[in-house]
Amino acid sequence: MEAFLSSFTAVAIAEIGDKTQLLSLFLAARFRSKSAIIAGILVATLLNHAASAWLGVWVAQFIPQGWHNWLLGGSFIAVALWLLIPDKDDSGDTSVLRFGAFAASCILFFLAEIGDKTQIATVILAASFEDAVWMVIVGTTLGMLAANVPVVYAGSWLLQKISLDWARRAACAVFMLLGFYIICSDQLMMLG
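Please read these numbers as outputs of a predicted model, since none were measured by experiment.

(A) The arrangement of the overall build of the chain in detail. Within the chain one finds eight helices and zero strands. In the chain, the order of α-helices and β-strands from amino to carboxyl end is α-α-α-α-α-α-α-α. The 192 residues of the chain split such that 48% are buried. Sequence-distant contacts, at least 24 apart, represent 90% of the contacts inside the chain between residues at least 6 apart.

Below is the structure:
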């Protein structure tokens, strides 16, 4: 359950102000079928995060045993700092839009996630929770949906009510706290 909760929380928070939220807003403005957009996000995220998680499991065999919490905590701190850099919407490729809401969402989301902080977080989470890789995949996928589904349905309204700059700073603070908590709890367990 720890793998699921860590994965869900990490991705849901990391997505705040991310380019995929901007992509969700763009797709919602372009297409009427919100369910097709969400289905595309789901399929793209499952494929991307499953591949990332399996990569993480493979990488885990090369990480010394005592380093997993340091790596996980350090990655949370790195993501916290990365969150302070605003993403821009790079969904300008409109050629895939002709395929409809589902296909466009699936293709654009899959491509947007390549090298994104949530993909890297998925690799690191899977390396840390290699015995629960399926829980990492489910957690990161549901975290992605938790962050993007509200944008698909109420993105314009949300942007008027919430400052993305403030949201990124709050998410940064949460990630910093989680990162230090993971590192410190590991150290306290070693002392006790």
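(B) Expanded view of the environment of Val174. Assignment of secondary structure puts Val174 in helix α8 (residues 164-191). Distance in space between the C-alpha atoms of Val174 and Thr9 is 9.9 Å, their sequence separation being 165 residues.

(C) Summary view of the side chain of Ser128. The topology assignment puts Ser128 in helix α6 (residues 117-128). The exposure class of Ser128 is buried, given its relative accessible area of 16%. The residues touching Ser128, leaving out its near neighbours within four places in the chain, are His68 and Leu72.

(D) Molecular detail of the confidence of the model for the chain. Across the chain, the average pLDDT comes to 83, with 89% of residues at or above 70. Per-element mean pLDDT across the chain ranges from 74 in α8 up to 94 in helix α3 (residues 34-60).

(E) Examining a nonpolar patch on the surface more closely. Together, Val43, Leu47, Phe99, Phe102, Ile107, Phe110, Leu111 and Ile114 make up a nonpolar patch on the protein surface, roughly 700 Å² of accessible area in all. Those elements giving two or more residues to the nonpolar patch turn out to be α3 and α5 (101-113). Broken down by element, the nonpolar patch gets its largest block of residues, four residues, from α5. Mapped onto the elements of the fold, Leu47 is located in helix α3. Given a relative accessible area of 52%, Leu47 falls into the exposed group.

Calculation criteria
- Residues numbered from 1 in each chain as written.
- Predicted model: local features only at pLDDT ≥ 70, side-chain atom pairs only at ≥ 80, totals over all residues.
- Heavy atoms only, no water.
- Helix = DSSP H or I, 4+ residues; strand = E, 2+ residues; numbered from the N terminus.
- Buried < 20%, exposed > 50% of the residue type's maximum accessible area, 1.4 Å probe, protein only.
- Contact = heavy atoms within 4.5 Å.
- pLDDT = per-residue confidence, 0-100.
- Patch = residues over 30% accessible without salt bridge, like charges linked within 9 Å, V, L, I, M, F, W, Y side chains within 5 Å.
- Areas by Shrake-Rupley, 256 points an atom, 1.4 Å probe, with all protein chains shown as cover.
- Salt bridge = Lys/Arg side-chain N within 4 Å of Asp/Glu carboxyl O.

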